[in-house]
Amino acid sequence: MSKKIIEHFPYQYQAIENTWIVLKDGTKLSSRIWLPEVEQGQQIPAILEYIPYRKTDGTRTRDEPMHGYFAGHGYAVVRVDMRGSGESDGLLKDEYLKQEQDDALEVIEWIAQQDWCDGNIGMMGKSWGGFNSLQVAARRPSALKAIITVGFTDDRYNNDIHYKGGCLLNDNFWWGAIMLAYQLRPLDPHIVGESWREKWLARLENMPLWMEQWLEHQTRDAYWQHGSVCENYEDINVPVLAIDGWEDAYSNTVLSLMKGLSVPRKGIIGPWAHVYPHDGIPGPAMGFLQEAVKWWDHWLKGEDTNVMDGPMVNVWVEESMEPAVCKPVSKGHWVGLEQWPTSDVRMKNYQLTYSKLTEEMADKEERVFLKTPLNHGLLSGEWMGAGVLGESPADQRLDDGMAMVFDSDVLENAIEIVGYPRFEIELESDKPKAMLFAQLSDVAPDGAVTRVSYGVMNLTHVNGHNRVDLLTPGEKIKAFVELDCCGHHFKEGHRIRLSLATTFWPMFWPMPEEATLTLHLATATFSLPIFTGNKVTGPNMSPESAPLTPMTILQEGRVDRSIAYDIVNDMWTCITDGVGGVFGEGVYRFDDIDVTVEHNLKRELTLSNSDPLSAHYTIYQKMKIGREGWWIDADITISQSADLDNFYLVGEMAIKENNQHAFHKKWDQKIKRVGL
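Quick look at the structure, then. (Residues numbered from 1 in each chain as written. Predicted model: local features only at pLDDT ≥ 70, side-chain atom pairs only at ≥ 80, totals over all residues. Heavy atoms only, no water.)

1. Describing the overall build of the protein chain
Here is step 1 of the chain: In terms of regular secondary structure, the protein chain is built from 11 helices and 35 strands.
Here is step 2 of the chain: Taken against the 2.2 N^0.38 rule, which gives 26 Å for 676 residues, the C-alpha radius of gyration of the protein chain at 25 Å falls within 12% of a compact globule.
Here is step 3 of the chain: Counting only C-alpha atoms, the protein chain reaches 80 × 60 × 45 Å along its principal axes.
Here is step 4 of the chain: Sorting the 676 residues of the protein chain into buried and exposed places 63% on the buried side.
Here is step 5 of the chain: In the protein chain, the share of contacts with a sequence separation of at least 24, taken over all contacts with a separation of at least 6, comes to 75%.
Here is step 6 of the chain: Only carbon and sulfur atoms are counted for the fraction: they give 47% of the accessible area of the protein chain, which is about 24700 Å².
Here is step 7 of the chain: Counting 63 positive and 97 negative side-chain charges, the protein chain places the averaged centre of each group 2 Å from the other. (Helix = DSSP H or I, 4+ residues; strand = E, 2+ residues; numbered from the N terminus. Rg over C-alpha atoms; globule rule 2.2 N^0.38 Å. Buried < 20%, exposed > 50% of the residue type's maximum accessible area, 1.4 Å probe, protein only. Contact = heavy atoms within 4.5 Å. Areas by Shrake-Rupley, 256 points an atom, 1.4 Å probe, with all protein chains shown as cover. Lys, Arg positive; Asp, Glu negative; His and termini not counted. Charge placed at Lys NZ, Arg CZ, Asp CG, Glu CD.)

Structure follows, in structure tokens:
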């Protein structure tokens, strides 16, 4: 269903392009504010979104239709660029620092003191903004009455873009490169005046090499514990609405938050990628803004909107679909969970024997050797879907041909699952470092294989992600893999498949040596969360928004994806090329502020199956932004490689202002490998 643009609201509103929020240390934060037109002296609740992605020329496309909608329903909305981002003063030194939270507390206090605010404030955000909504709620500012978090995590180490199961995600490098491009963009002289260049150059000079910072913390140490609200859920004392989708990478944390929190809470897991659900891809999109207004009306205005009625969590259960890298629509239905954990989900255990999943216990010892080619995972799709076609996993028959697979019998009756599958086994490794990968798939009668869920485990982390215990070759250990939360309907006539592997590239960086695992199948258990509850109507599925941001597409964007194999040199190459826009958004001009943005990104991953140390990752970027008489044009190239002991980051950034040299920087960094 297409999104309905609402022109007429209960309230007219105005958008104030820039308002300075001055902190106690003199730092000025740049904010954009939407205010409804209300009676003289009337005070209203406010909603805060607080992120580093540039309100002026970054998230403007999504801000206007979303925050205008809230303003049209009687809310002041304050969209703040964090310290060191956008037009705000200072330096942005890392993600989720205590300084970021401290500043947010001051911002909330500032909002509460404005003559248009009644002192009731909500906070919301997606991704970074979803993270810090939880983190700030845990600091308990008195004016904060409720939050909405979308595409978020409660565990920064094991459920974010850096590491998964103790293994290094290649998106750690990708995201670090993107942050270089985002943060090199200048402050707008129309807002900050002549001081823009001095402040911009100071930012460039002091900008961290983002992926290096994250790569220096390869276990779940205090660095990651900070900002992980799972450390103490009881710190959060305000109501929480938590939302994500299966095509995103953060769907694990909706249910973990429901389990951990004790405050009033609701969760929604839909089919979407890493986008706000009213822009939901794959469809069907959700009426997120209507549901959000109900949430705010209840907790900020004190109105009885029945927002807490119905199940604690609405979950979209996907039907069996043909595998396709382009999935514009998800077929499925909504089910309800009254709580989590729930008696409507029971774990069903399967045993592994002779390439079969069976419900019968194995009656004798069976050992198999597992060692998969380094390029297993070629058709894995993206770790995090961003709403760009081509991100979904392809038919898994090719990858499963390189893995060890175990199939159930043909299902005589349909099976529905909701929750977290889990694999356990006793094994031995012939190398001190190794990875174990497990994947759940739906096998259609014609043999097509659709991935449902997957997980990985760095086997040096089986005793906890806060430590590294090198494996002793030949010594048996108890290992496990926790697969991602999923909701899936296996049709009658289909089969359930478990795939096992020791590699998963290009999603994860390879281990330094190729390990062979000896699996003791008699000790193996594969557990599926069988759902026996009921279908529900689900949330509002008629998306609306306020009028869109005035903009002109100057060049259509596209994202090209390809895989090539050099037979002579045994070299695989995976290329993703965002032409005209890193997420396919094109080259565009914001008409009301006359700013044009072009961001191209090409990533190239190469690997030879004969050597895990051949892995190499290079990202090329161009960021061009400006208007007549004020153009910034930057080129960035950066690469990651490794040997047995270290990772290496090498690159450079060259920036021009109006075609004249403005800034140049090089990187050549070495980071020790720790259990990776």
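Now that the structure is up, let's keep going.
2. Regarding the nonpolar core
Here is step 1 of the chain: One finds Phe70, Ile111, Trp116, Leu257, Phe288, Trp296 and Met653 to be the most contacted residues of the largest nonpolar core, which totals 170 residues.
Here is step 2 of the chain: For this core, the element with the most residues is helix H4 (residues 171-184), which contributes 10 residues.
Here is step 3 of the chain: Those residues in contact with tryptophan 116 that lie beyond four places of it in its chain are Ile33, Leu35, Gln42, Gln43, Ile44, Ala46, Ala76, Val78, Trp110 and Ile111.
Here is step 4 of the chain: By size, the runner-up hydrophobic cluster in this structure holds 40 residues, among which are Phe406, Met457, Leu498 and Leu528. (Core = buried A, V, L, I, M, F, W, Y, C linked by side-chain atoms within 4.5 Å.)

3. Considering the side chain of aspartate 63
Here is step 1 of the chain: The residue aspartate 63 is located in helix H1 (residues 60-72) in this model.
Here is step 2 of the chain: Among the polar contacts made by the side chain of aspartate 63, one reaches the side chain of threonine 59 at a distance of 2.7 Å. (Polar contact = N/O pair within 3.5 Å; in protein donor to acceptor, adjacent residues only side chain to side chain.)

4. What to know about the environment of proline 393
Here is step 1 of the chain: Relative to the helices and strands, proline 393 is located in the loop between strand E16 (367-370) and helix H11 (397-400).
Here is step 2 of the chain: Classification of proline 393 by relative accessible area gives buried; the value is 16%.
Here is step 3 of the chain: Residues proline 393 and leucine 48, 345 residues apart in the sequence, show an inter-C-alpha distance of 36 Å.

5. As for the side chain of threonine 573
Here is step 1 of the chain: Along the chain, the position of threonine 573 falls in strand E29 (residues 571-579).
Here is step 2 of the chain: When neighbours within four sequence positions are excluded, threonine 573 is seen to be in contact with Ser562, Ile563, Ala564, Glu604, Leu605 and Thr606.

6. A short note on the environment of threonine 353
Here is step 1 of the chain: By secondary structure assignment, the location of threonine 353 is in strand E14 (residues 345-353).
Here is step 2 of the chain: Through-space distance from the C-alpha of threonine 353 to that of lysine 364 is 9.5 Å; in sequence the pair is 11 residues apart.
Here is step 3 of the chain: Non-local contacts of threonine 353, meaning those with residues more than four positions away in its chain, are made with Thr358, Glu366 and Phe406.
Here is step 4 of the chain: Among the polar contacts listed, one links the side chain of threonine 353 to the side chain of glutamate 366, at a separation of 3.2 Å.

7. Observations regarding unusual backbone geometry
For residues besides glycine, phi is generally negative; the peptide bonds are generally trans as well.
Here is step 1 of the chain: Here the residue pair glycine 283 and proline 284 is connected by a cis peptide bond, since its omega of 5 degrees sits within 30 degrees of zero.
Here is step 2 of the chain: Even without glycine at this site, tyrosine 96 takes up a positive phi of about 60 degrees.
Here is step 3 of the chain: Position of tyrosine 96 relative to the elements: it lies in the loop between strand E5 (76-81) and helix H2 (98-112).
Here is step 4 of the chain: For aspartate 594, which is not glycine, the phi dihedral falls at a positive 55 degrees.
Here is step 5 of the chain: Its relative accessible area of 37% is what places aspartate 594 among the partly exposed residues.

8. What about the pairing of strand E25 (residues 517-531)?
Here is step 1 of the chain: With 13 of its 15 residues buried, E25 lies for the most part within the structure.
Here is step 2 of the chain: In this structure, strand E19 (residues 422-429) lies alongside E25, joined through seven bridges in antiparallel fashion. Bridge pairing links glutamate 428 to threonine 518 in E25. (Pairing = 2+ DSSP bridges.)

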